[in-house]
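# Structure assessment
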Amino acid sequence: MINTKNKKDKWIKLICGASNEDIVAIEDLCAIYTAAGVDYIDVAAEESIVQAAKKGIKWAKEIFKNSPGLMISISDGNDVHFRKAKFDPLKCPPHCPRPCEKVCPTFAIDSFGIKESKCYGCGRCINSCPLKLISEYEYNLSKDDLASTLKKINPDAVEIHTEINRIDSFTKVVRILKSSETKLDKISISCGLNQSVKKLHEPEDLLRALWERYEILNELNIPLIWQLDGRPMSGDLAPTTSKDTVKLFERIGSDLPPGLIQLAGGTNEKTHEYLKSNNLPDGIAFGSSARKLMQPLIEFANTNNKRLYDYPEKMALAIKKAQKFLEPWKMS
């Protein structure tokens, strides 16, 4: 049995994607990273997706005894985390080298366009198209009836995606959380710096916004997680993308409201190297980098209409890859 927990562990969250509805991949991802020892798994706020995540967690829990909490992502307005990409394949030139297909981390693009269920809105294809044929659209699964969603799913935790100047709508979401009487272990706040194209903000503006939200959330008496998104949904998977997140943490981390501090937005296997050993956050959230690592194995199983854990040797390889990926944080 592999020991996946110890007292020195840093908090680790797997982000499956707020608009990701690829049920097959989500089940496998949750099984793999549960086995590898993550603390929470963040999924879209939709019942069938949550059920798929629970199936993957259950499979791993029976073998590895780890039991991560299930978090759902919700939003207080339009947000880059709640989007998908689209294009009309009939407008593509016949001899296009198809850079969009090459950069898609979930193999969502083929000659027929973009498979909506596989797209989680990373935006890489949008920037890759030389003819600018690819656009994005909102895909917020939790927007219509949050109270009903909370009651049906009954999550362990929620992550509220917000923007710096959206305090009124944030207050309304918190009011719904309170009135729903959902028993939550944690509430995570994701408020990216400059994720809105309308206005550029300084880190001090973000800090002020998070303290405002702390005052609103404090009455709930639920432990909080402050997620610092240096480059939210940038679509860039280069190793250096997490430098912006690290810089943001080093600038405002010591002045954040009470709660856990979690890094996200461009985080990857190199993030730990950019941090000072005497100034580490409480934890980290991995999204695109964690999913891309596993996607070829998941696609192999999916092609054969099976789950990855139906192939013990390949599943063992996936878990080993995940453990190596998480190791710097498990040993910090």
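Residues numbered from 1 in each chain as written. Predicted model: local features only at pLDDT ≥ 70, side-chain atom pairs only at ≥ 80, totals over all residues. Heavy atoms only, no water.

### Regarding the environment of N302
By the secondary structure assignment, N302 is in helix α10 (residues 288-303). Sequence separation between N302 and A25 is 277 residues; the distance between their C-alpha atoms is 8.1 Å. What N302 contacts, discounting residues up to four positions off in sequence, is V24 and K118. (Helix = DSSP H or I, 4+ residues; strand = E, 2+ residues; numbered from the N terminus. Contact = heavy atoms within 4.5 Å.)

### A few points about empty space enclosed by the protein
The full count for this structure, using the stated rule, is four cavities of 30 Å³ or more. Of the volumes computed, that of the second largest cavity is approximately 110 Å³. Taken together, the residues of the lining of the second largest cavity break down into 11 nonpolar, three polar and one charged. (1 Å grid on protein atoms, 1.4 Å probe; cavity = no way out; pocket = protein on both sides within 12 Å on 5 of 7 lines; lining within 4 Å. Points joined across faces, edges and corners; volume = space filled by probe spheres on them. Nonpolar A, V, L, I, M, F, W, Y, C, P; charged D, E, K, R; others polar.)

### Some remarks on α10
The end-to-end C-alpha distance of α10 is 21 Å, a good match for the 22 Å that 16 residues give at a rise of 1.5 Å each. Its axis deflected by about 45° at Q295, α10 carries its strongest bend there, up to four residues before the proline P296. Within the span of α10, buried status applies to S288, S289, A290, R291, M294, Q295, L297, I298, E299 and A301. N305 sits one or two residues past α10 and shows a positive phi near 55°. (Expected span 1.5 Å × (residues − 1). Bend = angle between axes of the 7 residues up to and from the residue. Buried < 20%, exposed > 50% of the residue type's maximum accessible area, 1.4 Å probe, protein only.)

### What about the confidence of the model for the chain?
For the chain, per-residue confidence averages 86 on the pLDDT scale, and residues scoring 70 or more make up 89% of the total. Here strand β7 (residues 135-138) stands out as the least confident element of the chain, with mean pLDDT 78; helix α11 (residues 312-330) is the most confident, with 95. For residues 1-7, every residue scores under 50 in pLDDT, and the model assigns this stretch 15 contacts once sequence neighbours within four places are set aside. (pLDDT = per-residue confidence, 0-100.)

### Overview of the side chain of K186
Position of K186 among the secondary structure elements: in strand β9 (residues 186-191). There is no salt bridge for the buried K186, and the closest opposite charge comes from D185, which lies 6.6 Å off by N-O distance. If we skip the residues at most four places from it in the chain, K186 touches W11, Y40, D156, A157, V158, I222, P223, I225 and L260. (Lys, Arg positive; Asp, Glu negative; His and termini not counted. Salt bridge = Lys/Arg side-chain N within 4 Å of Asp/Glu carboxyl O.)

### Describing the sheet that holds strand β11 (residues 260-264)
Here eight strands make up a closed barrel; going around it, the order is β1-β2-β3-β8-β9-β10-β11-β12 and the pairing parallel. Here the average twist between neighbouring strands, direction ignored, is 25°. As judged from the five bridges shared by strand β10 (residues 224-229) and β11, these two strands associate in the parallel manner. Residue pairing in the sheet places W226 in a bridge with I261 of β11. (Pairing = 2+ DSSP bridges. Axes fitted to C-alpha atoms, helices over the stretch in contact; angles between N-to-C directions.)

### Considerations on the packing of helix α6 (residues 167-180) against helix α7 (residues 203-217)
Packed helix pairs are specified by the crossing angle of their axes together with the interaxial distance, meaning the distance between the axes. One can describe the packing of α6 onto α7 by two numbers: an axis separation of 10 Å at closest approach and a directional angle of 30°. By the angle class used here, α6 and α7 are roughly parallel. The element α6 and its partner α7 pack so that their crossing is right-handed. Contact residues: I167, F170, T171 and V174 in α6; E212, R213, I216 and L217 in α7. Within the contact of α6 with α7, the residues separate by chemical class into five nonpolar, one polar and two charged. (Parallel < 35°, antiparallel > 145°, perpendicular 65-115°, else oblique. Left-handed = near helix turned anticlockwise from the far one by under 90°.)

### Structural notes on the pairing of strand β8 (residues 157-162)
Within β8, six of the six residues are buried, leaving the element largely enclosed by the surrounding structure. With burial as the criterion, each face of β8 is covered, one bearing A157, E159 and H161 and the other bearing V158, I160 and T162. With five bridges connecting them, strand β3 (residues 69-75) and β8 associate as parallel partners. When the bridges of β8 are listed, S75 appears paired with H161. Of the strand pairs in this sheet, β8 and β9 are connected by six bridges, and their pairing is parallel. If you follow E159 over to β9, its bridge partner there is S188. Handedness of the β8-α6-β9 crossover: right-handed. (Right-handed = clockwise from strand over helix to strand, strands pointing away.)

### Examining the side chain of T34
As for its position among the elements, T34 is in helix α1 (residues 23-36). Residue classification places T34 among the buried positions, given a relative accessible area of 0%. If we skip the residues at most four places from it in the chain, T34 touches I41, I57, A60, K61, N66 and P68.

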